[in-house]
Amino acid sequence: MNFTSNLVWNRTGAELSLPSLCTDAECDHLIIGAGLAGLSAAYHILKKFGARRKVIVVDAHPLGSGASGRNSGMMGPGIGKQYHLLVKQYGDVKAREIFAHTMEALSYSTQLIRNEKLDCDLLIGSQFKVSTNAANDRQLQLEGEALIAAGFEVRAYDRKAIKGIVDSPVYLAGLEYKGTATINPMKLVVSLAKEVLAMGGEIYVNTRCASPQEHTVEANGHTLHFSRALLATNGFTPSLNRLRGRVMPISTSLMLSAPLLPSQRAQLGLQPNNAIVDVRRVFNYFRITPDHRLLFGGGAPFYSTENVQRRQRDGTPEAYKIYESLNEGLSKFLPQLANIRIEKVWSGTIGVTLDNFPVITRGQSSVDSMAGCCGHGLALSLAYGASYANWLEELSYSPELPWYRSSAPYLAPPALLPLASNSYIKFLRWADSFSGA
Ligand SMILES: Cc1cc2nc3c(=O)[nH]c(=O)nc-3n(C[C@H](O)[C@H](O)[C@H](O)COP(=O)(O)OP(=O)(O)OC[C@H]3O[C@@H](n4cnc5c(N)ncnc54)[C@H](O)[C@@H]3O)c2cc1C
């Protein structure tokens with residue numbers, strides 16, 4: 001099997017040709033990290049304050065090198081845990097607020113893409129959560145019942161009905177979340193960057209920042225002075241000595257097939273505006289791209305060391321290992337496609353917190369941070385960029401977010417994090433196999 005692993009989505013951003021920082025500079029807002037969170041924050045600050053505020057965005061690598069340019073482009077609601085478990089932990093009212101907030105983030109993001117005509121192959125459709133065994137089928141049923149009782153618009157599918165959406169011999173049932181979207185995330189990164197530039201923002205790539213100090217940070221041997229900085233470095237934040245032990249860099253993977261034949265598409269049945277996610281603790285997910293390729297992901301996440309992150313950018317030599325792990329899921333859930341040709345395999349680093357909620361901090365200091373959207377970062381990152389810009393006008397240090405806490409729970413000291421994270425993932429996989437998933 002011959003596949004590439006460093007091209008990911010087509011780099012339509014090449015024509016942007018962004019500079020690196022080559023002199024000292026001064027700004028009102030420095031955004032460190034040009035992923036969707038950082039670009040959205042820059043966009044919304046410029047939209048809100050216009051030319052009154054100078055905004056500079058810097059990234060250590062070319063545009064879209066982080067999770068934002070490597071994800072599966074499935075924009076859906078949800079945060080934390082399954083809805084009925086949110087109810088159990090936080091009670092009806094708070095759980096409802098938390099979930100409604102993610103629905104609002106989803107709808108805000110799709111509207112933003114439409115209103116600003118951000119070119120990213122946006123397709124509105126549905127996301128289907130599917131069950132794979134009796135134990136998680138019961139959990140999915142409880143989730144559906146709790147969502148319906150809370151007034152959310154979801155629809156339950158039995159085995160026969162879910163087969164009409166996607167033909168898998170394994171799936172027992174499904175839960176449809178409407179109004180979700182599929183996009184090309186790399187195109188979205190580029191489109192958003194263009195908007196930032198058009199409004200007078202500056203973007204510098206291949207510009208690695210050191211850990212920021214009060215109102216100043218070193219980058220590429222130059223000094224950047226700022227009134228406020230936002231660390232939008234997600235899974236890479238601990239390498240800047242922030243949120244260490246609280247945001248875990250976790251590697252997760254995807255593979256992309258050659259275009260499916262019409263007969264294979266007919267066998268699968270899935271439409272390009274829909275997406276499938278199974279409900280196991282360590283799960284698989286997939287969708288069809290507009291050019292008829294299968295994008296299949298999930299499987300075996302693991303702690304992403306700085307070495308792993310470098311190999312992700314360079315094209316990982318572990319491509320075959322990743323392929324084997326993803327192919328195991330593909331053969332199990334979509335056996336009719338087990339022998340399709342895979343053209344690309346890649347992985348990316350996400351920021352994960354122990355309670356699966358993001359962490360947004362605005363301290364008394366001049367450095368804020370936004371990280372840890374886990375696997376829900378598409379809609380949330382775009383929406384939190386807007387929240388951040390609004391927040392800058394307020395005196396409050398805690399934003400109006402229903403899940404808000406001042407920091408993420410502490411997992412382990414940095415030296416133990418790889419072991420602690422990998423052991424936790426192993427435990428989750430064990431729990432899945434114990435329950436027969
Ligand atoms: C394989 C995969 C599949 C996913 N699928 C989905 C999905 O279907 N739906 C969904 O909602 N989410 C998904 N996600 C998660 C989603 O991609 C992320 O939550 C989101 O992109 C996070 O955006 P971000 O801007 O916070 O982080 P990133 O895009 O990672 O941006 C952080 C940036 O910071 C830069 N940086 C790091 N250190 C420095 C430094 N010292 N100086 C300057 N810059 C620095 C990095 O180069 C990077 O560009 C997926 C992620 C992966 C990896």
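Quick caveat, the model's predicted, so the values are computed rather than measured. (Residues numbered from 1 in each chain as written. Predicted model: local features only at pLDDT ≥ 70, side-chain atom pairs only at ≥ 80, totals over all residues. Heavy atoms only, no water.)

Inspection of the entire model under this criterion finds 1 cavity of 30 Å³ or more. The calculated volume of the largest cavity comes to roughly 30 Å³. When residues of the lining of the largest cavity are assigned to their parent elements, the largest contribution, 3 residues, is made by helix H7 (residues 306-314). When residues of the lining of the largest cavity are sorted by domain, at least three fall in each of domain 1 (12-70 + 186-246 + 355-406) and domain 2 (248-352 + 418-437). (1 Å grid on protein atoms, 1.4 Å probe; cavity = no way out; pocket = protein on both sides within 12 Å on 5 of 7 lines; lining within 4 Å. Points joined across faces, edges and corners; volume = space filled by probe spheres on them. Helix = DSSP H or I, 4+ residues; strand = E, 2+ residues; numbered from the N terminus. Domains from an automatic or database assignment.)

Turning to the pairing of strand S16 (residues 367-371), a few remarks are in order. Among the 5 residues of S16, 5 are classified as buried, and the element is accordingly described as predominantly covered. Of the two faces of S16, both are covered, the one formed by Val-367, Ser-369 and Ala-371 as well as the one formed by Asp-368 and Met-370. Relative to S16, strand S9 (residues 222-231) runs parallel, the two being bridged by 3 bridges. Following the sheet pairing, Ala-229 is matched in S16 by Val-367. Pairing between strand S15 (residues 359-362) and S16: 4 bridges, direction antiparallel. Along S16, the bridge assignment pairs Val-359 with Ala-371. (Buried < 20%, exposed > 50% of the residue type's maximum accessible area, 1.4 Å probe, protein only. Pairing = 2+ DSSP bridges.)

In the vicinity of the ligand there are 35 residues, among which Asp-59, Ser-68, Ser-72, Met-74 and Leu-378 approach most closely. The contact in question runs from an oxygen atom of the ligand to an N or O atom on the backbone of Leu-36, over 3.1 Å. In the model, a nitrogen atom of the ligand is placed 3.0 Å from a nitrogen or oxygen of the Ala-60 main chain. Protein chains shield 97% of the accessible area of the ligand, which is 1,000 Å² for the free molecule. Where the shell around the ligand is concerned, the elements lending two or more residues are helix H1 (36-49), strand S10 (248-257), strand S14 (342-352) and helix H9 (377-391). Element by element, the count of residues in the shell around the ligand is highest for H9, at 3 residues. Formed jointly, the shell around the ligand draws a minimum of three residues from each of two domains, domain 1 (12-70 + 186-246 + 355-406) and domain 2 (248-352 + 418-437). (Near = heavy atom within 4 Å. Polar contact = N/O pair within 3.5 Å; in protein donor to acceptor, adjacent residues only side chain to side chain. Areas by Shrake-Rupley, 256 points an atom, 1.4 Å probe, with all protein chains shown as cover.)

Estimated volume of the second largest pocket: approximately 600 Å³. Along its surface, the second largest pocket is lined by 26 residues, and Gly-299, Ala-300, Ser-325, Glu-328 and Arg-429 are the ones closest to its centre. For the lining of the second largest pocket, the element with the highest residue contribution is helix H8 (residues 319-333), accounting for 7 residues. Its residues assigned to classes, the lining of the second largest pocket comprises 7 nonpolar, 11 polar and 8 charged. (Nonpolar A, V, L, I, M, F, W, Y, C, P; charged D, E, K, R; others polar.)

This paragraph deals with the domain arrangement of the protein chain. On domain assignment, one finds that the protein chain holds domain 1 (12-70 + 186-246 + 355-406) and domain 2 (248-352 + 418-437). One C-alpha centre belongs to domain 1, the other to domain 2; they are set 28 Å apart. Across the boundary between the two partners, domain 1 contributes 16 residues, which contact 14 residues of domain 2. Around 1,200 Å² of area is buried between domain 1 and domain 2 when both sides are counted, 57% of it from carbon and sulfur atoms. Scanning the region where domain 1 abuts domain 2 turns up 0 salt bridges. The tally of links from domain 1 across to domain 2 stands at 5 residue pairs in polar contact (both at pLDDT 80 or more). Its residues assigned to classes, the side of domain 1 that touches domain 2 shows 5 nonpolar, 9 polar and 2 charged. (Contact = heavy atoms within 4.5 Å. Buried area = accessible area lost by both parts, 1.4 Å probe. Salt bridge = Lys/Arg side-chain N within 4 Å of Asp/Glu carboxyl O.)

Looking now at the packing of H1 against helix H5 (residues 185-198). Here H1 crosses H5 at 30°, and the two axes come no closer than 9 Å. With respect to H5, the axis of H1 lies roughly parallel. Handedness of the H1/H5 crossing: left-handed. Contact with H1, carried on its side by Leu-36, Leu-39, Ser-40, Ala-42, Tyr-43 and Leu-46, involves Leu-188, Val-189, Leu-192, Ala-193, Glu-195 and Val-196 of H5 and no other residues of that element. (Axes fitted to C-alpha atoms, helices over the stretch in contact; angles between N-to-C directions. Parallel < 35°, antiparallel > 145°, perpendicular 65-115°, else oblique. Left-handed = near helix turned anticlockwise from the far one by under 90°.)

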